[in-house]
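# Summary of structural features
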Amino acid sequence: MMFSLKVILLLALHLLPEVKTSMIKLNNNGYEGIVIAINPSVPEDEKLIQNIKEMVTEASTYLFYATKQRVYFRNVSILIPMTWKSKSEYLMPKQESYDQADVIVAAPYPKHGNDPYTLQYGQCGEKGQYIHFTPSFLLTNNSSIYGPRGRVFVHEWSHLQWGVFDEYNVDRPFYFSRKNTIEATRCSTPITGMNVVFNECKGGSCITRPCRRDSQTGLYEAKCTFIPDKSQTARDSIMFMQNLNSVVEFCTAKTHNTEAPNLQNKMCNHRSTWDVIKESPDFQNATPMTGTNLSPHPTFSLLKSKQRVVCLVLDKSGSMATEDGLGLSRLIRTNQAAEMYLIQIIEKGSMVGMVTFESNAKIQTNLIKITDDSAYLNITAKLPQNASGGTSICNGLKEGFQAITKSNQSTSGSEIILLTDGEDSGISSCFEEVKQSGAIIHTIALGPSAAKELETLSNMTGGHRFYANKDINGLIDAFSRISSRSGSIAQQSLQLESKALNVTRNKWVNGTVPVDSTIGNDTFFVVTWTIKKPEIILQDPRGKIYETSDFKEDKLNIRSARLRIPGIAETGSWTYSLHNKNVNSQLLTVTVTTRARSPTTLPVIATAHMSQNTAHYPSPVIVYARVSQGFLPVLGVNVTAIIETEDGNQVVLELWDNGVGADTVKNDGIYSRYFTNYHGNGRYSLKVHAQARKNTARLSLRQQNKALYIPGYVENGKIIVNTPRPEVKEDTAEAKVDDFSRLTSGGSFIVSGAPPSGNHTPVFPPGKIADLEAKFRGNHIQLSWTASGNVLDKGKADSYIIRISKCFLDLQKDFHSATLVNTSSLIPKEAGSTEHFEFKPQSFKIENGTQVYIAIQTVNEANLTSEVSNIAQATKFILQQQSSAPALCTNKSALSLAVFGFAVILSLF
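Quick notes on the rules
Residues numbered from 1 in each chain as written. Predicted model: local features only at pLDDT ≥ 70, side-chain atom pairs only at ≥ 80, totals over all residues. Heavy atoms only, no water. Helix = DSSP H or I, 4+ residues; strand = E, 2+ residues; numbered from the N terminus. Rg over C-alpha atoms; globule rule 2.2 N^0.38 Å. Areas by Shrake-Rupley, 256 points an atom, 1.4 Å probe, with all protein chains shown as cover. Lys, Arg positive; Asp, Glu negative; His and termini not counted. Charge placed at Lys NZ, Arg CZ, Asp CG, Glu CD. Pairing = 2+ DSSP bridges. Core = buried A, V, L, I, M, F, W, Y, C linked by side-chain atoms within 4.5 Å. Buried < 20%, exposed > 50% of the residue type's maximum accessible area, 1.4 Å probe, protein only. Contact = heavy atoms within 4.5 Å. Phe/Tyr/Trp six-rings, centres within 6.5 Å; stacked < 30°, edge-to-face > 60°. Lys NZ or Arg CZ within 6 Å of the ring centre and 35° of its normal. Axes fitted to C-alpha atoms, helices over the stretch in contact; angles between N-to-C directions. Parallel < 35°, antiparallel > 145°, perpendicular 65-115°, else oblique. Left-handed = near helix turned anticlockwise from the far one by under 90°. Nonpolar A, V, L, I, M, F, W, Y, C, P; charged D, E, K, R; others polar. Salt bridge = Lys/Arg side-chain N within 4 Å of Asp/Glu carboxyl O. pLDDT = per-residue confidence, 0-100. Disulfide = S-S within 2.5 Å. Expected span 1.5 Å × (residues − 1). Polar contact = N/O pair within 3.5 Å; in protein donor to acceptor, adjacent residues only side chain to side chain.

## Observations regarding the overall build of the protein chain
Counting its secondary structure elements, the protein chain contains 15 helices and 50 strands. Compactness check: the protein chain gives a C-alpha radius of gyration of 29 Å against a globular reference of 29 Å for 909 residues, within 12% of the reference. The dimensions of the protein chain, computed from C-alpha atoms along their principal axes, are 85 × 65 × 55 Å. With an accessible surface of roughly 35,300 Å², the protein chain has 48% of that area assigned to carbon and sulfur atoms. When the 91 positive and 83 negative side-chain charges of the protein chain are each reduced to one mean point, those points stand 3 Å apart.

In structure tokens:
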């Protein structure tokens, strides 16, 4: 069973499509469709475009030889923001957009630190989200710090495209080797250098001293820094220090440092970066090139973002009269959501049109520029009032294209929001026309019978995909997610609340919505009902009361009322009360939307998605939610995922940012969890609610997966220092964040192969333990780790298997033959809990310098076992004398630790 499950997981990793819509393709060894987008807030600078071209050109050659003549960059599109002046050489984009770009150029936040980095939080071999370069990095000569920009791009590209990880570790810069020496965390080990502490730096010189050992850990003191020699002979690795002239390759199985406590070893089970890269789908058909014209220079297209153009294409066929047991027809729910989109979501200055369709299609309004209330009223007045007829999706799309072109706009780069509940056997007949249009199509499938080909339209055009069924707010949540793709976050609408309440006769319900200091402009409270308008009371943080009469009803009889808060909404907790005055129970909903407080205020935002768009049982998928302000992660947030299955069943899942299970790195603002609660096949929808309560949230100023900042080099025995980087002190590494609430749709995904609802045969093992730590206390070893669970990262496991060895490789390669530890007294805790266990090694003699390696497997009630954990190391030694550290990794540098004898805490990966 375990072998077949591993095969399924491997197939899921490599064959299922990624959620982020990247246009990158590898064609005859050349990468095509790469999009580099410049943020609208970046000042216009022709030099920026030139430097981007030079960086990619340099990177292409470096990449070509680093991959042993397999791949290079053939063509790249640079997306110019609307805020820059137009030029004749700028072309019109198609599906290219800032929010789907592979590389973004944007200012850092806050205004310090220009480290290039990749937003990457998937598993080993999974693609990242985007690379972030700052204008300062691209316009300033940083070669002494990061190396040539082309090399840096290849380092980051390896994160993005191939899912490998850094081979350094700023939190664990040194480790104990199996030879009882202290080594710098690096790959490959032949890279040489010195360990020093910088006492004082002025200008280009610093006063340094040798590193001392920490009396608690035995490793070098916290301020000890590894300074590489300028002249090296080592050829790898690009994922450690691409800045070194000699480094032109990735670590291979032959040169890889399996001992180093870095993320590559942790995430990829001690495999080398080149081994992981070779297994990428890119390399399955990319054989080394031969001939004379190797690695030609890439070509560049300059595209300029255009004014946003959106056309609603709405189904009004007979099936839209269906109520789905909710008391509202699908048509009324569609009108509620479309009206909210036009009034509250779409950005001012956008061009919007509308088409309705059944067997035939009709343009209700050509494009209208949204400038004031009268503009959207002209569109909402044409929302369909009656449902009848068949379903022809292609006719609807074709009329949508007509509505755009008749208004003297190009379909290229325009957006269509297609909503339908019906099947259409002829939908594939217009796929080619859709491709040629260059339009982006967002699809919303309403109900379980919506055409199965809808996702194909979204996938081929780079649009979002949504599914709504029994969740009465599902359509509103979907429309709320379809915001501007320009990168101007201040313009985007943010959803604070989306709650459905089944209220019995004559009962009151209450709720609160926090409005934090980053938002408050253009704030709306919307209440909908299924039978009779409730009594509404809303109170702001200062005690001002808004009553039912303040909530305006539309003239369309779609059972909704809204209140727009004048000016900027008060910061603090808003309280609402709803009174059902109907003689029977009815469903009431509350939706709250807002925007950033000002154009210069970056709001806290939440985004969500699944790890794959399709899931085949029994392969687990991962729910991801990112909570951030600007580019910085927000920590300490309560994040909940709500997943609705095709038949309307809801699964509620708390997401974690604890670095275990599905979560790659602790405290990086990425909250994740495995999803295994399959409930039949078909479309599933995802939405996520992120809440910060009682001042628990904080902003982290640290960034992961970045090019290593090199403080200096050793040249002819002398340290040549680089400009010191702005230091983030420990007490300022985090900043408090107001209490807030954010709700976002994560789109839809499709499940296949799932058995019918009911008792399933257990197929999911416990999750792998990834944070095992060990230390000596006397002659006993103390262990600590985070409990995984019964089913991956959920529930409570049945037992643990702990084995020990004096040889790291024996434990790694043949865990089941290592010495077993008696764990009869160890009862597993709930997943996510901290476990502690202490034992005395019976088969080993404990003396100064003794090293013991420990690993764990978890067993669940179905007798399925987890993967073997990370391997922890406990070393016993006593400090007899204080010594300083000489140069590292030369013949004279490896100091034996046999003279030391105190407890060491160490967790290897």
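## Examining the sheet that holds strand β2 (residues 30-32)
Across the sheet, which stays open at both edges, the 3 strands sit in the order β1-β2-β4 with mixed pairing between neighbours. Two strands close off the open sheet at either side, each with one partner strand: β1 (25-27) and β4 (72-73).

## Overview of the nonpolar core
A general tendency of soluble globular proteins is for nonpolar side chains to be buried together. Formed by 74 residues in total, the largest nonpolar core has its most connected members in Phe-153 and Trp-157. The element best represented in this core is helix α2 (residues 46-66), accounting for 9 residues. Excluding anything up to four places from it in sequence, Phe-153 contacts Met-55, Val-56, Ala-59, Phe-73, Val-103, Ile-131 and Phe-133. Counting residues in each nonpolar core, the second largest holds 55 residues, with Ala-37, Tyr-130, Ala-625 and Val-627 among its members.

## Quick look at unusual backbone geometry
Among all residues save glycine, negative phi is the norm, and among peptide bonds the norm is trans. In the segment running from Asp-236 into Ser-237, the intervening peptide bond is cis, with an omega of 25°. Structurally, Ser-237 is set in the loop between β13 (225-228) and α6 (238-241). Its identity as a non-glycine residue notwithstanding, Asn-408 has a phi of 60°, on the positive side. Note that Asn-408 resides in the loop between α11 (393-405) and β18 (415-420). Despite not being glycine, Leu-792 shows a phi value in the positive range, around 55°. Tracing the backbone shows Leu-792 in the loop between β44 (780-786) and β45 (799-805). You can call Leu-792 buried: its relative accessible area is 9%.

## So, the packing of aromatic side chains
Under the counting rule described, the total for this entry stands at 29 aromatic pairs. Considering the side-chain rings of Phe-64 and Tyr-65, the 5.0 Å spacing of their centres and the 80° angle between planes classify their relative orientation as edge-to-face. You can call Phe-64 buried: its relative accessible area is 0%. The partly exposed category is assigned to Tyr-65, whose relative accessible area is 46%. A cation sits over an aromatic face here: Lys-68 above Trp-274, 5.2 Å from the ring centre. One Lys or Arg, Arg-803, reaches over the ring of Phe-815 and ends 5.7 Å from the middle of that ring.

## Considering the packing of helix α9 (residues 330-345) against helix α10 (residues 373-380)
In the contact formed by α9 and α10, the axes pass within 10 Å of each other and the chain directions differ by 165°. Between α9 and α10, the angle falls in the class roughly antiparallel. Viewed along their axes, α9 and α10 form a crossing whose handedness is right-handed. Residues Glu-339, Leu-342 and Ile-343 of α9 form the contact with α10, whose participating residues are Tyr-376, Ile-379 and Thr-380. Along the lines of polarity and charge, the residues of the contact of α9 with α10 split into 4 nonpolar, 1 polar and 1 charged.

## A closer look at the sheet that holds strand β47 (residues 834-839)
Neighbouring strands of a sheet are bound in pairs by backbone hydrogen bonds; such pairs are parallel or else antiparallel. Here we have 3 strands laid out as an open sheet, ordered β43-β44-β47, and antiparallel in their pairing. Taken across any chain shown, the strands that pair with only one partner, and hence form the sheet edges, are β43 (773-777) and β47. Mean inter-strand twist for the sheet, computed between neighbouring axes without regard to direction, equals 20°. Relative to β44, β43 runs antiparallel, the two sharing 5 bridges. Residue pairing in the sheet places Arg-777 in a bridge with His-780 of β44.

## Things to note about the pattern of salt bridges
Scanning all chains against the criterion turns up 27 salt bridges. Taking the shortest distance from any N to any O, the salt bridge between Glu-455 and Arg-683 comes out at 2.6 Å. Here Glu-455 is found in helix α13 (residues 454-461), whereas its partner Arg-683 is found in strand β37 (residues 682-692), with 228 residues between them in sequence. In this structure Glu-455 comes out as buried when scored by relative accessible area, which is 4%.

## Some details on the confidence of the model for the protein chain
When the pLDDT values of the protein chain are averaged, the result is 89; 91% of them are 70 or greater. Counted against residues more than four places away or in other chains, residues 1-18, with its pLDDT under 50, gives 26 contacts. Low confidence marks residues 883-909, where pLDDT is under 50. Its contacts with residues over four positions away, or in another chain, come to 120 contacts.

## Re the packing of α2 against helix α5 (residues 149-162)
α5 packs onto α2 with a crossing angle of 70° between their chain directions and a minimal axis gap of 8 Å. Judged on the interaxial angle alone, α5 and α2 are roughly perpendicular. Within the contact between the two elements, α2 uses Asn-51, Met-55, Val-56, Glu-58, Ala-59, Tyr-62 and Leu-63 and α5 uses Arg-149, Gly-150, Arg-151, Phe-153, Val-154, Trp-157 and Trp-162. Of the residues assigned to the contact of α2 with α5, the class counts are 9 nonpolar, 2 polar and 3 charged.

## Let's talk about the state of the cysteines
Counting across every chain of the model gives 4 disulfides. Across the disulfide from Cys-124 sits Cys-268; the S-S distance is 2.1 Å. Measuring the twist about the S-S bond at about 105°, one finds the Cys-124-Cys-268 disulfide to be right-handed. One end of the pair, Cys-124, is in the loop between β7 (117-119) and β8 (130-133); the other, Cys-268, is in the loop between α7 (263-267) and α8 (273-278), with 144 residues separating them in the sequence.

## Some words on the environment of Lys-555
Secondary-structure assignment places Lys-555 in the loop between β26 (552-553) and β27 (560-564). As a C-alpha pair, Lys-555 and Ala-381 span 174 residues in sequence and 8.3 Å in three-dimensional space.

## A closer look at α2
With 21 residues, α2 extends 30 Å between its outermost C-alpha atoms, agreeing within 8% with the 30 Å of an ideal straight helix rising 1.5 Å per residue. The opening residue of α2, the one whose side-chain oxygen lies 2.9 Å from the backbone nitrogen of Lys-47, is Asp-45. Positive backbone phi, at 60°, marks Lys-68, one or two positions downstream of α2.

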